[in-house]
Amino acid sequence: MTSKVILSDYEMDEKVQEFRKWINLQSHLPQNIEKMLLLRYLKTYNFNLEKAQKLLEYSLDIRANNQHIFTGRDPLSPEIAGMLNAIEIVPMLKATPENFKVCILRLIDYNSTNFVFNDVIKTFFMFADLRLISPDPNPELADGEIPIFDMKGMTIWHLFRVNFSTLRLYFKYVQEAHPVRVTQCHVINCTPLLTKIMSLIRPLLKPEVAARLQFHSPDTDTLFKCIPRDLLPTEYGGTAGPIANMKDYWMKRLMEKRNYLKNDSNWIVDSKVDSNNNPMHDKE
C-alpha cells in the first residue's frame, strides 16, 4: 500500500482548485460539486488528481445510467419515508483510533412486505451522499469506513424480495465507484440464513473485499476485538449512548440537506461518458 499522503489545509485547497478547474472544462459534469465531496474523491486515491478525476466521471456515469436509484430522493416522499421507518442507517459520532468511521445498518421493521429492495438501496445511497458532504468525527478526513450489518430480523422472505440487478449495481458502485475506502466489514447477529445470503452475494464480491468480511454470532463479544466499546451504542454493548441519539443527529442533518439531495443536477451528468473508462480500483 502506498504511504499515506498528508497535506496542509492550504495544499488541500490547491488540490480542490485544480479539480474545479478541470470540472469547469467538462461541460457534461455537474458544476456545483461541494468542496467536501471533491476532497473525498481526492482522498480515495491519496490526492492523485488524475485518478480522482476518473473516479468522479465513473461514479457520475453509473448514476446517469441508473437514475431509478440515484434520483427522486426526497426524504419526505412516501417511498423514502417508508424505508426510513423500515431500516436504520446510523453512523457513529466518533472515529476509531485509526481514524475510521463506523456505521450500523439494520432492520427495525421485520415485516418483509415493507422491505422494498430498490427503495432500500436508493435510501442507502442517499444517506451515503449525505455523509460524503458532512464533516467527519475527527478534524482530519477519515482514512476509511467500517460498515456493520446487523442481520437481526432478516428472514428468507426478505431474500425473496431482493432485486438481483439492483444488488449487482449496489456492489459495483460501492466497490468501484464510491469515494470511500472500506477497511473492515462486520456482519453481526449471524444465523443459518447467512449461508443463503452469502451464496447470493459472494459472486459479486471482489476477493479483497470478501477478505475484509468478519462474521459474529448472536450473544458474542467478538466485535469488540475490532471496534472499541466507546464507539458503539448501548444496544450493542457499547458505551456511546443510545442509538436514538445518533439517529436523531443524522435525521436532522438529512432534513437540513433535503433540498440538496433532491436536486438531481448535483449528481447526474448531462451526457454520458465512457462507462468502461473506469479508474484503477486499488483504493489507496
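All values derive from a computational prediction rather than experimental measurement. (Residues numbered from 1 in each chain as written. Predicted model: local features only at pLDDT ≥ 70, side-chain atom pairs only at ≥ 80, totals over all residues. Heavy atoms only, no water.)

Q: Could you give an account of the environment of valine 209, with specific residues and numbers?
A: For valine 209, the location among the structural elements is in helix H10 (residues 207-210). With a relative accessible area of 24%, valine 209 lands in the partly exposed category. (Helix = DSSP H or I, 4+ residues; strand = E, 2+ residues; numbered from the N terminus. Buried < 20%, exposed > 50% of the residue type's maximum accessible area, 1.4 Å probe, protein only.)

Q: Describe the environment of isoleucine 268, with residues and values.
A: By the secondary structure assignment, isoleucine 268 is in the segment after helix H12 (258-262). With relative accessibility at 11%, the residue isoleucine 268 sits in the buried group. Between the C-alpha atoms of isoleucine 268 and histidine 28, which are 240 residues apart in sequence, the distance is 9.1 Å. Contacts of isoleucine 268, omitting those with residues within four sequence positions, involve Pro30, Arg63, Ala64, Gln67, Phe70 and Thr71. (Contact = heavy atoms within 4.5 Å.)

Q: Tell me about the sheet that holds strand E2 (residues 100-107), and please be specific about residues and values.
A: In space, the 5 strands of this open sheet follow the order E1-E2-E3-E4-E5, with mixed pairing throughout. The open sheet has two free edges, formed respectively by strand E1 (87-91) and strand E5 (213-215), since each of these has just one partner strand. The mean inter-strand angle of the sheet, taken between neighbouring strand axes irrespective of direction, is 15°. Taken together, the 3 bridges between strand E3 (residues 144-150) and strand E4 (residues 185-188) define a ladder with parallel strand orientation. Following the sheet pairing, isoleucine 148 is matched in E4 by histidine 186. (Pairing = 2+ DSSP bridges. Axes fitted to C-alpha atoms, helices over the stretch in contact; angles between N-to-C directions.)

Q: Got a sec to walk through unusual backbone geometry? Specific residues and values, please.
A: One non-glycine residue, asparagine 46, adopts positive backbone phi at about 55°. Inspection of the secondary structure assignment puts asparagine 46 in the loop between helix H2 (35-44) and helix H3 (49-64). For asparagine 46, a relative accessible area of 12% puts it in the buried group. Residue phenylalanine 47 is not a glycine yet carries a positive backbone phi of 65°.

Q: Explain the confidence of the model for the chain to me, using residue names and the numbers behind them.
A: Per-chain confidence: the chain averages 92 in pLDDT, with 94% of residues scoring 70 or above. E2 holds the highest mean pLDDT among the elements of the chain, 98, whereas helix H9 (residues 193-201) holds the lowest, 91. Within the model, pLDDT remains below 50 along residues 271-276, and this stretch shows 9 contacts once partners closer than five positions in the same chain are excluded. (pLDDT = per-residue confidence, 0-100.)

Q: Summarise the packing of aromatic side chains; cite the residues concerned and give the values.
A: Taken as a whole, this structure holds 12 aromatic pairs when the rule is applied. Relative to tyrosine 173, the ring of phenylalanine 70 lies with its centre 5.2 Å away and its plane at 45°, an arrangement referred to as tilted. You can see phenylalanine 70 sitting in helix H4 (residues 67-70) and its partner tyrosine 173 sitting in helix H8 (residues 164-176), a full 103 residues away along the chain. Ring centres of phenylalanine 115 and phenylalanine 117 lie 6.2 Å apart, and the angle between their planes is 50°; this geometry places the pair in the tilted category. Judged by its relative accessible area of 8%, phenylalanine 115 is buried. It is arginine 229 that lies over the ring of phenylalanine 224; its NZ or CZ is 3.8 Å from the centre. In this structure, lysine 257 is placed above the aromatic ring of tyrosine 260, and the distance from its NZ or CZ to the ring centre is 5.5 Å. (Phe/Tyr/Trp six-rings, centres within 6.5 Å; stacked < 30°, edge-to-face > 60°. Lys NZ or Arg CZ within 6 Å of the ring centre and 35° of its normal.)

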